[in-house]
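Residue-level structure breakdown
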Amino acid sequence: QQQVKQSPQSLIVQKGGISIINCAYENTAFDYFPWYQQFPGKGPALLIAIRPDVSEKKEGRFTISFNKSAKQFSLHIMDSQPGDSATYFCAANGGTSGTYKYIFGTGTRLKVLA
Amino acid sequence: GAGVSQSPRYKVAKRGQDVALRCDPISGHVSLFWYQQALGQGPEFLTYFQNEAQLDKSGLPSDRFFAERPEGSVSTLKIQRTQQEDSAVYLCASSLVPSGGLYEQYFGPGTRLTVT
């Protein structure tokens, strides 16, 4: 109930391509879904986040698509660049897990080839 | 400070030693969190402070783990009698508001603990 399942584990994309990372959750009480980007040796940094009252949110080249009925959400990185190479984590919180506690996915290691 | 800082950045401890990991949150941030990140995994919640009060310690793996934030700013995570399974990156995060409202948590760079 508390898990957030993330796929794929790793992803290789050509420069200029679209990177897509998917997450699925079980707890319908979750009400906040952030995506974090983590570079080696650094802490995770918030990239973009969505609440379940909208189906899509776009910020620059990054878009979250949210499907409430399927309990899935995904991150799309348009025009992927080598500088986007990092590990991406989806997360969720809210409901019975508490509004403060993030439940993270296992991460996707993205490599964008120049 | 400009962001969350943690020290030391790297710590090597012999099995059985005690360690103390420090977190300096963003000034004025009410909420402070500790997470444990095993190699190749996502961060896992350990404990949560609102000011100096530890409101949730449900994620602490054993009674060898202890966290404090006595004055509501700097926090210390202490691990007693370290074991090899304690090897991980320990992340600290802070947030401006308590539970509810904006949920954004700002993470520090982490302390990589290696127990030999």
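Residues numbered from 1 in each chain as written. Chains lettered and ligands numbered in written order. Predicted model: local features only at pLDDT ≥ 70, side-chain atom pairs only at ≥ 80, totals over all residues. Heavy atoms only, no water.

**Observations regarding the state of the cysteines**
- Enumeration over the complete set of coordinates arrives at two disulfides over all chains.
- Two residues, cysteine 23 of chain A and cysteine 90 of chain A, share a disulfide whose sulfurs are 1.9 Å apart. Judged by the torsion about the S-S bond (-90 degrees), the cysteine 23 of chain A/cysteine 90 of chain A disulfide is left-handed. One end of the pair, cysteine 23 of chain A, is in strand 3 (residues 19-25); the other, cysteine 90 of chain A, is in strand 9 (residues 86-92), and 67 residues separate them in sequence. Pair check on accessibility: cysteine 23 of chain A and cysteine 90 of chain A agree, each one buried.
- At a sulfur-sulfur separation of 1.9 Å, the disulfide partner of cysteine 23 of chain B is cysteine 92 of chain B. Residues cysteine 23 of chain B and cysteine 92 of chain B are joined through a disulfide that is left-handed, its torsion about the S-S bond being -65 degrees. You can see cysteine 23 of chain B sitting in strand 3 (residues 19-24) and its partner cysteine 92 of chain B sitting in strand 9 (residues 88-95), a full 69 residues away along the chain. (Disulfide = S-S within 2.5 Å. Helix = DSSP H or I, 4+ residues; strand = E, 2+ residues; numbered from the N terminus. Buried < 20%, exposed > 50% of the residue type's maximum accessible area, 1.4 Å probe, protein only.)

**Focus: the side chain of glutamine 6 of chain B**
Residues and elements named next belong to chain B.
- Counting through the fold element by element, glutamine 6 comes out in strand 1 (residues 5-7).
- For glutamine 6, a relative accessible area of 7% puts it in the buried group.
- Polar contacts involving the side chain of glutamine 6 include one to the main-chain carbonyl oxygen of tyrosine 90, which spans 2.9 Å.
- A polar side-chain atom of glutamine 6 sits 3.0 Å from the main-chain amide nitrogen of cysteine 92. (Polar contact = N/O pair within 3.5 Å; in protein donor to acceptor, adjacent residues only side chain to side chain.)

**Examining a nonpolar patch on the surface**
Residues and elements named next belong to chain A.
- Together, Ile18, Ile20 and Met78 give the surface a local cluster of nonpolar side chains, amounting to about 240 Å² of exposed area.
- Looking at the element boundaries, isoleucine 20 is found in strand 3.
- Classification of isoleucine 20 by relative accessible area gives partly exposed; the value is 36%. (Patch = residues over 30% accessible without salt bridge, like charges linked within 9 Å, V, L, I, M, F, W, Y side chains within 5 Å. Areas by Shrake-Rupley, 256 points an atom, 1.4 Å probe, with all protein chains shown as cover. Salt bridge = Lys/Arg side-chain N within 4 Å of Asp/Glu carboxyl O.)

**Looking at the interface of chain B and chain A**
- Contact with chain B, which involves 21 residues of that partner, is made by 19 residues of chain A.
- Here chain B is connected to chain A by five residue pairs in polar contact (both at pLDDT 80 or more).
- For the side of chain B that touches chain A, the secondary structure elements donating two or more residues are strand 4 (31-37) and strand 5 (44-50) of chain B.
- With three residues, strand 4 of chain B is the single largest residue contributor to the side of chain B that touches chain A.
- For the side of chain B that touches chain A, the per-class residue count stands at nine nonpolar, nine polar and three charged. (Contact = heavy atoms within 4.5 Å. Nonpolar A, V, L, I, M, F, W, Y, C, P; charged D, E, K, R; others polar.)

**Some remarks on unusual backbone geometry**
- The peptide bond linking serine 7 of chain A to proline 8 of chain A adopts the cis configuration, its omega dihedral lying at -5 degrees.
- Note on placement: proline 8 of chain A falls in the loop between strand 1 (4-7) and strand 2 (10-14).
- Cis geometry marks the peptide bond from serine 7 of chain B to proline 8 of chain B, where omega comes out at -10 degrees.
- Among the secondary structure elements, proline 8 of chain B is positioned in the loop between strand 1 and strand 2 (10-13).
- Of note in the backbone geometry, aspartate 79 of chain A takes a positive phi value of approximately 45 degrees without being a glycine.
- Counting through the fold element by element, aspartate 79 of chain A comes out in the loop between strand 8 (72-77) and strand 9.

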